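# Architecture at a glance
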Amino acid sequence: MSKRKRIIALLVGVILLAGTAGTLAWLSVTGVLVNQFGIGSVTPLVQETLNGNVKSDVKAQNTGTAPAYIRAAVDIYWQDATSDARLWEEPQAGSNYEIAWSVADAPGANSADNWVKASDGFYYWTSPVAPGAETGVLINRVTELKATEGRNLVVDISTQAIQATPDEAVHDAWGCKVEDGVLVPPHGGA
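What you see is a predicted model, and the numbers here were worked out from it, not measured in a lab.

## Remarks on the nonpolar core
W115, L138, I139, L153, V155 and I157 are the most contacted members of the largest nonpolar core, which has 18 residues in total. Among the elements of the structure, β2 (54-62), β3 (68-80), β7 (123-125), β8 (139-144) and β9 (151-163) are those that each provide at least two residues to this core. No other element matches β3, which puts four residues into this core. Excluding anything up to four places from it in sequence, L153 contacts I76, Y77, W78, P91, Y97 and E144.

Printed below as a string of structure tokens:
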């Protein structure tokens, strides 16, 4: 074989080898996709105004990062003024204190954006609360009617929240249903 043919054969081999390597490189290129999943949080906070013996504009705020359903429990009791211990005697609405609610009174009065008292004793806000948003007012005003020496009236509001999606979360945790975006508390209402 002549020198010229050997050079041509060598060039053809190099070209074929380069083409094959390029094809293999093209076929073996891979991309990396990193999926990062964030965990949402649902954190309720009670908002209220306290002025002397009057508590007013009581509502809840979702300080979390995910839309949430919120429910509240209201506990009204006497507390010893010196030891801060809870007293057994129950304060009576109308004689010891006056309360103005913002709650749907009629059983089954579920509609979006209102508080409903359920048979389990909780007050449920019937719409999902967006992160940073607030519910409507649960209690317009609570006023202690007469000061009683040695004890203080306590109106304790505690809140709980559960993620709004999927609907099964609120059903599994609280026994509620969601119908057309409206929360239906257990047993309708009370």
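## Focus: the pattern of salt bridges
Taken as a whole, this structure holds seven salt bridges when the rule is applied. A salt bridge links E89 to R151; the shortest N-O distance between them is 2.8 Å. A residue pair is termed long-range when its members are at least 10 positions apart, and E89 in the loop between β3 and β4 (97-101) and R151 in strand β9 qualify at 62 residues. Classification of E89 as partly exposed rests on a relative accessible area of 48%.

## Points about the pairing of strand β1 (residues 44-51)
Across a regular strand the side chains alternate sides, sitting on one face of the sheet and then on the other. The pairing of β1 with β2 spans seven bridges and is classified as antiparallel. Bridge pairing links L50 to K55 in β2. Linking β1 to β2, which pair antiparallel, is a turn of two residues; within it G52 sits at a positive phi near 65°.

## A word on the sheet that holds β2
If you trace the four strands from one edge of the open sheet to the other, you get β1-β2-β8-β4, paired in antiparallel fashion. The sheet is open, and its two borders are formed by β1 and β4, each paired with just one other strand. Between one strand axis and the next, the sheet turns through 20° on average, direction left out of account. Of the strand pairs in this sheet, β2 and β8 are connected by four bridges, and their pairing is antiparallel.

Here is what the cut-offs are and how they apply
- Residues numbered from 1 in each chain as written.
- Predicted model: local features only at pLDDT ≥ 70, side-chain atom pairs only at ≥ 80, totals over all residues.
- Heavy atoms only, no water.
- Core = buried A, V, L, I, M, F, W, Y, C linked by side-chain atoms within 4.5 Å.
- Buried < 20%, exposed > 50% of the residue type's maximum accessible area, 1.4 Å probe, protein only.
- Helix = DSSP H or I, 4+ residues; strand = E, 2+ residues; numbered from the N terminus.
- Contact = heavy atoms within 4.5 Å.
- Salt bridge = Lys/Arg side-chain N within 4 Å of Asp/Glu carboxyl O.
- Pairing = 2+ DSSP bridges.
- Axes fitted to C-alpha atoms, helices over the stretch in contact; angles between N-to-C directions.

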